[in-house]
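Structure at a glance
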Amino acid sequence: MTALVEIDGQTGRLLLSGQFDFSAHRDFRQACDDLLSAESVREILVDFQQVDYLDSSALGMLLLLKEKAAAAGKSLALVNCRDTVRQVLEIACFGKIFTIR
């Protein structure tokens, strides 16, 4: 998986592509740290447009990001989820925890 960061004003976008699993934890953490440390960013969007698979470790990484974003005073949303990704998020009841657009 690759994790790219784009910052546009107060919005930071984390563009993910490939399979989001434990092997992605280093790249994901680094990209998240980049967004969390950017003072101009008020909202973080995790873009799943190019993700076709995620596992339980990915869900854990998203929960950690949510905690860190809240501590930094930044909002967080999951966007552009494909059907397979959305199903996993729904099964995990992430719709109650995250904003999913």
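Now for a quick tour of the structure.

Parameters at a glance
- Residues numbered from 1 in each chain as written.
- Predicted model: local features only at pLDDT ≥ 70, side-chain atom pairs only at ≥ 80, totals over all residues.
- Heavy atoms only, no water.
- Core = buried A, V, L, I, M, F, W, Y, C linked by side-chain atoms within 4.5 Å.
- Buried < 20%, exposed > 50% of the residue type's maximum accessible area, 1.4 Å probe, protein only.
- Helix = DSSP H or I, 4+ residues; strand = E, 2+ residues; numbered from the N terminus.
- Pairing = 2+ DSSP bridges.
- Right-handed = clockwise from strand over helix to strand, strands pointing away.
- Disulfide = S-S within 2.5 Å.

Soluble globular proteins: nonpolar side chains tend toward being buried together. Judged by nonpolar contacts, the single largest core of 30 residues is most densely connected at Phe20, Val46, Phe48 and Leu62. For this core, the elements supplying multiple residues, two or more each, are strand 2 (11–20), helix 1 (25–37), strand 3 (43–54), helix 2 (56–71), strand 4 (75–79) and helix 3 (83–91). The greatest single-element share of this core, amounting to six residues, is contributed by helix 2.

Another point: the pairing of strand 3. As defined by bridge partners, strand 2 adjoins strand 3 across nine bridges and the pair is classed as parallel. Across the sheet, Arg13 pairs through a bridge with Leu45, a residue of strand 3. Handedness of the β-α-β unit built from strand 2, helix 1 and strand 3 comes out right-handed. In the classification by handedness, the crossover that spans strand 3, the intervening helix 2 and the parallel strand 4 is right-handed.

Scanning the model with the defined rule gives zero disulfides in all. In this structure Cys81 is not part of a disulfide, and its nearest cysteine sulfur, from Cys32, lies 15 Å away. Under the relative-accessibility criterion, Cys81 is labelled buried at 11%. Cysteine Cys93 shares no disulfide, and the gap to the nearest cysteine sulfur, in Cys81, comes to 15 Å. According to the relative accessible area criterion, Cys93 is partly exposed, its value standing at 38%.

Counted residue by residue, strand 4 has four buried out of five residues, so it is predominantly covered. Both strand 3 and strand 4 contribute to a ladder of five bridges, which runs parallel. For Leu45, the partnering residue across the bridge sits in strand 4 and is Ala77. Relative to strand 5 (residues 99–100), strand 4 is paired through two bridges, and the arrangement is parallel. Along strand 5, the bridge assignment pairs Leu78 with Ile100.

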